[in-house]
Amino acid sequence: MSGAVSNRSLLRMALGHPAFVTGFVLSAVFIVAALMSFVWTPFDPTKLDIANKLQNPSWVHWFGTDHFGRDMFSMIMVGARVSIAVAFVAVGIGMVLGVPLGLYAAARRGSLIDEIIMRGNDLVFAFPSLLLAIMITAVFGPGAINAIIAIGIFNVPVFARLARGAALSLWTRDFILAARVAGKNKARISVEHILPNIANLMIVQGTIQFSLAVLAEAALAYVGLGAQPPLPSWGRMLADAQTLISLAPHMALFPGFAIIITVLGLNLMGDGLRDLFDPKLRHGRS
């Protein structure tokens with residue numbers, strides 16, 4: 001009963017949090033568009049129609065057409081699917097690999113394993129994320145799969161460092177000492193006691209990394225190292241528009257706004273989740 005009350009209280013606070021609600025709505029718009037693109041788009045986003053190229057927005061083509069006559073609205077819907085899928089899998093890779101590494105390093109604090117893990121993280125952080133992604137995709141070839149791997153590799157040390165730092169602050173707590181006295185080993189304590197207590201922090205960071213992954217995917221696509229034609233991508237749509245911006249500004253405006261709104265929505269939702277999961281702020285609101 002208390003759990004249900006707590007859930008209702010959290011939901012009520014979420015609905016009363018302007019940043020969270022705004023971010024959730026903006027993110028939901030593009031998630032719904034991405035899901036809808038699997039079953040319906042106004043036009044075939046890969047069909048060329050040269051006779052109707054560079055049309056301005058109208059009731060027929062809501063966002064106009066590009067230099068090949070493709071419907072921009074349909075391309076943005078499919079582009080949302082590509083960006084969200086790449087970001088979701090890349091962040092998932094970072095979280096699945098990074099969190100256990102961070103927990104293991106925290107449990108073995110001061111050991112050689114801890115030192116190796118943290119110095120490996122420092123090595124990855126020594127390269128800018130976009131440069132690292134470009135290097136990986138340049139070596140293994142352009143494509144959505146390689147973009148996912150490149151972005152995912154950079155996310156691993158982010159979650160590893162965050163998990164380690166959060167776990168270290170818990171290892172000296174009384175309930176952890178009680179678990180050790182009860183005979184539980186470090187691995188079991190990490191899974192049963194540490195992980196549940198840092199899960200909220202991982203969720204908030206995952207939302208932030210999701211927005212950064214959307215930007216990274218768009219940047220890779222812009223330089224031709226992301227999803228390849230005929231699959232539409234927001235970054236490549238911007239690249240195609242750069243030489244035609246004076247003739248057809250809508251080609252750059254709509255995919256640019258799609259990236260801005262999606263990233264803004266995810267960041268606002270991440271800020272809202274941080275506030276909702278913060279016990280001090282939560283008690284202050286209740």
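Keep in mind it's a predicted model, so treat the numbers as computed, not measured.

Things to note about the overall build of the protein
Regarding its fold elements, the protein presents 11 helices and zero strands. When the elements of the protein are put in sequence order from the N terminus, they spell out α-α-α-α-α-α-α-α-α-α-α. Residue pairs in contact within the protein that sit at least 24 positions apart in sequence constitute 69% of those at least 6 positions apart. Surface summary for the protein: the accessible area is close to 14800 Å², and the carbon and sulfur share equals 70%. Averaged over its 21 positive side-chain charges, the protein has a centre that lies 10 Å from the centre of its 14 negative ones.

Points about the side chain of Arg-70
Relative to the helices and strands, Arg-70 is located in the loop between helix H2 (18-36) and helix H3 (72-107). Apart from residues no more than four positions distant in its own chain, Arg-70 is found in contact with Pro-45, Thr-46, Lys-47, Leu-48, Gly-64, Thr-65, Met-75 and Asp-240.

Description of helix H8 (residues 186-222)
The end-to-end C-alpha separation of H8 is 45 Å, well short of the 54 Å expected for 37 residues at 1.5 Å each. The sharpest bend along H8 comes to roughly 50°, located at Leu-195, with the proline Pro-196 sitting one to four residues further on. The residue sitting at the N-terminus of H8 and contributing the capping side-chain oxygen is Asn-185; that oxygen lies 3.3 Å from the backbone nitrogen of Ala-187. Looking one or two residues beyond H8, the residue adopting positive phi is Gly-224, at roughly 85°.

Here we look at a nonpolar patch on the surface
The grouping of Ile-31, Val-32, Leu-35, Met-36, Phe-38, Val-39, Trp-40 and Trp-62 at the surface amounts to a nonpolar patch, some 850 Å² of accessible area in total. Here Trp-62 lies in the loop between H2 and H3. Judged by relative accessible area, which is 43%, Trp-62 ranks as partly exposed.

Regarding the pattern of salt bridges
Scanning the model with the defined rule gives nine salt bridges in all. Here Asp-114 and Arg-164 are joined by a salt bridge, their closest N and O atoms 2.9 Å apart. Of the two residues, Asp-114 is situated in helix H4 (residues 112-125) and Arg-164 in helix H6 (residues 144-168); the sequence distance between them amounts to 50 residues. Arg-164 matches Asp-114 in its accessibility class, with the two residues each being buried. Residues Asp-271 and Arg-274 are paired through a salt bridge, measuring 3.9 Å at the closest nitrogen-oxygen approach. Taken as a pair, Asp-271 and Arg-274 lie in helix H10 (residues 250-277) at a separation of three residues, close to a single helical turn. It is possible to trace a salt-bridge network through shared partners that takes in Glu-115, Arg-119, Asp-122 and Arg-161.

Some details on the packing of H8 against H10
Packed helices, taken two at a time, are described by the angle their axes make and the gap between the axes. Direction vectors running N to C along H8 and H10 enclose 170°, while the axes themselves pass 9 Å from each other. Here H10 runs roughly antiparallel to H8, going by the angle between their axes. Residues Asn-200, Ile-203, Val-204, Thr-207, Phe-210, Ser-211, Val-214, Leu-215 and Ala-218 of H8 lie in contact with H10, whose contacting residues are Ile-259, Thr-262, Val-263, Leu-266, Asn-267, Met-269, Gly-270, Leu-273, Arg-274 and Phe-277. Among the residues forming the contact of H8 with H10, the class breakdown is 12 nonpolar, six polar and one charged.

Focus: the side chain of His-250
If you trace the backbone, His-250 turns up in helix H10. Residue class for His-250 comes out buried when judged on its relative accessible area of 4%.

Reading the values: the criteria
Residues numbered from 1 in each chain as written. Predicted model: local features only at pLDDT ≥ 70, side-chain atom pairs only at ≥ 80, totals over all residues. Heavy atoms only, no water. Helix = DSSP H or I, 4+ residues; strand = E, 2+ residues; numbered from the N terminus. Contact = heavy atoms within 4.5 Å. Areas by Shrake-Rupley, 256 points an atom, 1.4 Å probe, with all protein chains shown as cover. Lys, Arg positive; Asp, Glu negative; His and termini not counted. Charge placed at Lys NZ, Arg CZ, Asp CG, Glu CD. Expected span 1.5 Å × (residues − 1). Bend = angle between axes of the 7 residues up to and from the residue. Polar contact = N/O pair within 3.5 Å; in protein donor to acceptor, adjacent residues only side chain to side chain. Patch = residues over 30% accessible without salt bridge, like charges linked within 9 Å, V, L, I, M, F, W, Y side chains within 5 Å. Salt bridge = Lys/Arg side-chain N within 4 Å of Asp/Glu carboxyl O. Buried < 20%, exposed > 50% of the residue type's maximum accessible area, 1.4 Å probe, protein only. Axes fitted to C-alpha atoms, helices over the stretch in contact; angles between N-to-C directions. Parallel < 35°, antiparallel > 145°, perpendicular 65-115°, else oblique. Nonpolar A, V, L, I, M, F, W, Y, C, P; charged D, E, K, R; others polar.

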